[in-house]
Amino acid sequence: MMEQVTILLVDDDPDILTILKDNLELDGYRVIISQTGRQALKAYEERVPGLIVLDLSLPDVDGIQVCRRIREESDVPILMLTARDLVTDKVLGLETGADDYMVKPFDYLELAARIRALLRRGGSIAAQEEALETGPFRVEPSSKGVWKDGEKIELTNREYALLLLLLRNTGKALSRTVIRHALWPKGELARDTRTIDVHVRHLRAKLEDDPGEPRFLVTVPGVGYMFSHTQM
């Protein structure tokens, strides 16, 4: 059975949000809504959307900035849906990282078709990467799903990225500097490693039987962190 795709809708017009949410849910999608740029970025961090429908004109952080922030760490499909119909706006949106651009007013059937096309395009790429299995864990990059002993575990985007990085380097100790450059490639974390320690702690709380005595996400003194598939 295919996993239900989550779509993040970002628009400051409550009527458009209601109409789109109702129609997308009828089409079988799970829908999260945000009315501001800050809400959208928070929702993105807390969930793992399969696609984002993003307005440009938002009351705080505009859609261009939201798109740019998300593109710094993810290739999730982004469809810009906006009243801005100037060619310059469309070029800016696409160059910022949007995968498609639609102008309001719009036809829902066309929007739905474009969403399906973007999901097919993204899925064909993600499906090339096989699932990772080690110990009780299974990670499926195509859906960003994580399971332990067959039970689904909900992770934030950053937690998922950290787990995937450590899993791909199982048995190898990664320094905090390596982790920082991998997860924050634009340098926004600077040299602060405490944030990395916090993410490891949160990840342990979700993955370990006893977070105080971790068996999988282990600390390597003087180096950093390592994913160990052996019993400690």
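Structure's up top.
For clarity, every value in this text was computed on a predicted model and none was experimentally measured.

## Description of the packing of helix 6 (residues 157–168) against helix 8 (residues 194–207)
Thought 1: One can describe the packing of helix 6 onto helix 8 by two numbers: an axis separation of 10 Å at closest approach and a directional angle of 85 degrees. Here helix 6 lies roughly perpendicular to helix 8, going by the angle between them. Of the residues in helix 8, those touching helix 6 at Arg158, Glu159, Leu162 and Leu163 are His199, Val200, His202, Leu203, Lys206 and Leu207.
Thought 2: Taken together, the residues of the contact of helix 6 with helix 8 break down into 5 nonpolar, 2 polar and 3 charged.

## Comments concerning helix 7 (residues 176–183)
Thought 1: If you check which residues of helix 7 are buried, you get Ile179, Arg180 and Leu183. Each buried residue of helix 7 lies within a common arc of 100 degrees when the element is viewed along its axis, so the set occupies one face.
Thought 2: Elements that come into contact with the buried residues of helix 7 comprise helix 6, strand 10 (174–175), helix 8 and strand 12 (224–227).

## A look at the nonpolar core
Thought 1: Of all hydrophobic cores here, the largest spans 23 residues; its most connected members are Leu163, Ile179 and Phe227.
Thought 2: Those elements giving two or more residues to this core turn out to be strand 7 (137–140), helix 6, helix 7, helix 8 and strand 12.
Thought 3: Element by element, the count of residues in this core is highest for helix 6, at 7 residues.
Thought 4: Membership of the second largest hydrophobic core comes to 21 residues, among which are Leu8, Val61, Val76 and Met80.

## A closer look at the sheet that holds strand 5 (residues 100–103)
Thought 1: Judged by pairing direction, the sheet is parallel, and its 5 strands sit side by side in the order 2-1-3-4-5 without closing on themselves. The open sheet has two edge strands, strand 2 (30–34) and strand 5, and neither has a second partner. When strand polarity is set aside, the average angle formed by the axes of neighbouring strands in this sheet is 20 degrees.
Thought 2: In terms of strand pairing, strand 1 (residues 6–10) meets strand 3 (residues 51–54) through 4 bridges, oriented parallel. Across the sheet, the residue bridging to Leu9 is Val53, located in strand 3.
Thought 3: Against the sheet, helix 1 (residues 14–26) makes contact with strand 1, strand 2 and strand 4 (78–82), and its axis sits at roughly 170 degrees relative to strand 2, the strand it touches most.

## With respect to the packing of helix 6 against helix 7
Thought 1: The contact between helix 6 and helix 7 brings their axes to 11 Å, and the two run at 125 degrees. Our classification of the angle between helix 6 and helix 7 gives oblique. The chirality of how helix 6 crosses helix 7 is right-handed. Touching Arg158, Ala161, Leu162 and Leu165 of helix 6 are Ile179, Ala182 and Leu183, all from helix 7.

## What about the sheet that holds strand 10?
Thought 1: Judged by pairing direction, the sheet is antiparallel, and its 3 strands sit side by side in the order 10-12-11 without closing on themselves. For this open sheet the edge positions go to strand 10 and strand 11 (217–220), each flanked by a neighbour on one side alone.
Thought 2: Here strand 11 pairs with strand 12 via 4 bridges, running antiparallel. Looking at the pairing, Val220 lines up with Gly224 of strand 12.
Thought 3: Relative to strand 11, helix 8 is tilted by about 145 degrees, and along the sheet it contacts strand 11 and strand 12.

## Here we look at the packing of aromatic side chains
For any pair of aromatic rings, the description rests on two quantities: the centre-to-centre distance and the angle between the ring planes.
Thought 1: The final tally for this structure, using the stated rule, is 3 aromatic pairs.
Thought 2: Ring centres of Phe137 and Phe227 lie 5.9 Å apart, and the angle between their planes is 75 degrees; on these two criteria the pair is classed as edge-to-face. Remark: Phe227 occurs in strand 12 and Phe137 occurs in strand 7; sequence separation between them is 90 residues.
Thought 3: Overall, the relative accessible area of 4% leaves Phe137 in the buried class.
Thought 4: Its relative accessible area of 1% is what places Phe227 among the buried residues.
Thought 5: Consider the rings of Phe216 and Phe227, whose centres lie 6.1 Å apart with planes at 25 degrees: the pair is stacked.

Definitions and cut-offs
Counting starts from 1 at the beginning of each chain's written sequence and moves along it residue by residue. In view of the model being predicted, local features appear only for residues whose pLDDT reaches at least 70, and side-chain atom pairs are presented and counted only at 80 or more, with totals across whole chains, interfaces and linings using the full set of residues. Note: side-chain values were computed over all heavy atoms of the structure, leaving out hydrogens and water. Note on method: axes are straight lines fitted to C-alpha atoms, helices fitted across the in-contact stretch only, with angles between N-to-C directions ranging 0 to 180 degrees. The way it works is that DSSP assigns letters per residue, a run of H or I at least four long becomes a helix, a run of E at least two long becomes a strand, and they are numbered from the N terminus. Orientation labels follow simple angle bins: below 35 degrees gives roughly parallel, above 145 gives roughly antiparallel, 65 to 115 gives roughly perpendicular, and whatever is left gives oblique. The contact criterion used throughout is that any non-hydrogen atoms of two residues lie within 4.5 Å. By the convention adopted, Pro, Cys, Tyr, Trp, Phe, Met, Ile, Leu, Val and Ala count as nonpolar, Lys, Arg, Asp and Glu as charged, and the other residues, Gly among them, as polar. Only protein chains enter the area calculation, which uses a 1.4 Å probe; residues under 20% of their type maximum are buried, those over 50% are exposed, and those in between are partly exposed. Read the arc as the range of directions from the helix axis to the C-beta atoms. To qualify as a nonpolar core, a set must consist of buried Ala, Val, Leu, Ile, Met, Phe, Trp, Tyr and Cys residues joined through side-chain atoms within 4.5 Å. By definition, two strands form a pair when at least two bridges between them are found by DSSP. The handedness criterion is simple: a crossing whose near helix is rotated anticlockwise from the far helix by less than a right angle is left-handed, and one whose near helix is rotated clockwise is right-handed. Think of it this way: a Phe, Tyr or Trp ring, Trp meaning its six-membered ring, pairs with another when their centres are within 6.5 Å, and the plane angle makes it stacked under 30 degrees, edge-to-face over 60, tilted otherwise.

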